[in-house]
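# Breakdown of the fold
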Amino acid sequence: MTDSACSIGYSDKITGWDTQIGALYLSVYGEKKPTEAESLTRLMKSPALYGVIAQKGGSLAGFILLLASPDSSDILEICVHPDMRLSGIGKGLLEAGLFQARQRRQNRIILEVAEDNLAAQTLYHRAGFKQISRRPNYYLRGTTHIDALVMEKQLSGSSKTSP
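The rules behind these values
Every residue gets a number counted from 1 within its own chain, in the order that chain's sequence is written. pLDDT decides what is reported in this predicted model: residues at 70 or higher carry local features, side-chain atom pairs at 80 or more are listed and counted, and totals for whole chains, interfaces and linings draw on all residues regardless. Think of the side-chain values as coming from all heavy atoms in the structure, minus any hydrogens and water. The classification of residues rests on relative accessible area computed with a 1.4 Å probe and restricted to protein chains. Under 20% of the type maximum is buried, over 50% is exposed, and intermediate values are partly exposed. For the purposes of this entry, the term helix denotes a DSSP run of H or I that reaches at least four residues, the term strand denotes a run of E that reaches at least two, and both are numbered from the N terminus. Pairing between strands is defined by DSSP: at least two bridges between the two strands are required. The contact rule is simple, with two residues in contact once any of their heavy atoms fall within 4.5 Å. Within this document, salt bridges are pairs made up of a side-chain nitrogen of Lys or Arg and a carboxyl oxygen of Asp or Glu, the two lying within 4 Å of each other. An arc is given here, and it is the one of the directions from the helix axis to the C-beta atoms.

Time to look at the pairing of strand β2 (residues 8-11). Burial along β2 is two-sided: the face carrying I8 and Y10 and the face carrying G9 and S11 are both buried. In this structure, β2 lies alongside strand β3 (residues 49-56), joined through 4 bridges in antiparallel fashion. Residue Y10 lies in a different strand from β3, and its bridge partner there is A54.

Attention now moves to the side chain of Q121. Among the structural elements, Q121 can be located in helix α4 (residues 118-126). Q121 has contacts with V113, A114, E115, D116 and L149, leaving out every residue within four places of it along the chain.

In this section: the pattern of salt bridges. Considering all chains together, one arrives at 8 salt bridges under this definition. A salt bridge links D18 to K45; the shortest N-O distance between them is 3.5 Å. In this pair, D18 sits in helix α1 (residues 18-28) while K45 sits in the loop between α2 (34-43) and β3, placing the two residues 27 residues apart along the sequence. Of the residues examined, D18 reaches a relative accessible area of 22% and is grouped as partly exposed. Here E95 ties to K91 by a salt bridge, and the two come within 4.0 Å at their closest N and O atoms. Taken together, the residues span about one helical turn, with E95 and K91 both in helix α3 (residues 89-103) at a distance of 4 residues.

Okay, α4 next. What sets the pattern is the α-helix's 3.6 residues per turn: residues three or four places apart point alike. Among all positions in α4, only A120, Q121 and Y124 are buried. Looking straight down α4, one finds that the buried residues subtend no more than 100 degrees of arc, so they occupy a single side. The outward face of α4, more than 90 degrees from its buried face, is lined by the exposed residues L118, A119 and R126. Buried residues belonging to α4 abut β5 (72-80), α3, β6 (108-114) and β8 (144-154). Taken from the residues just after α4, G128 is the one with a positive phi, measuring 95 degrees.

See below:
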């Protein structure tokens, strides 16, 4: 799938992108340690993990990674290259991730977002996510603790039962 307006290509073939995903993760989250990026890329070997990458000119522009359980998926990470933000890539990745979840017949998607990340919250609200709880002091940036908002989206047409 390609977004012709931005020349962005989307692919659900995330295998082989481990190194680039780890590097992008660290460039987006400067406070993260390389071991955290390594843990994320190791998790990519799990059959329960799926996702989408966005490419521009053959380079990684962003990614979304989801972890499936029997009836729901958790968005583990959605990252967009800092130079490519506000170009619709995050929205495209989220839509592609939701499409994949529906294809896997997931009933809902769950995610956590920092309470000070208003851009991401806006993206999720517009996509139909609702806040269901809060995790106090979930994130640590430097010496500052930030709450996580737990959000959920029910996926219609994804029921595992037959009519």
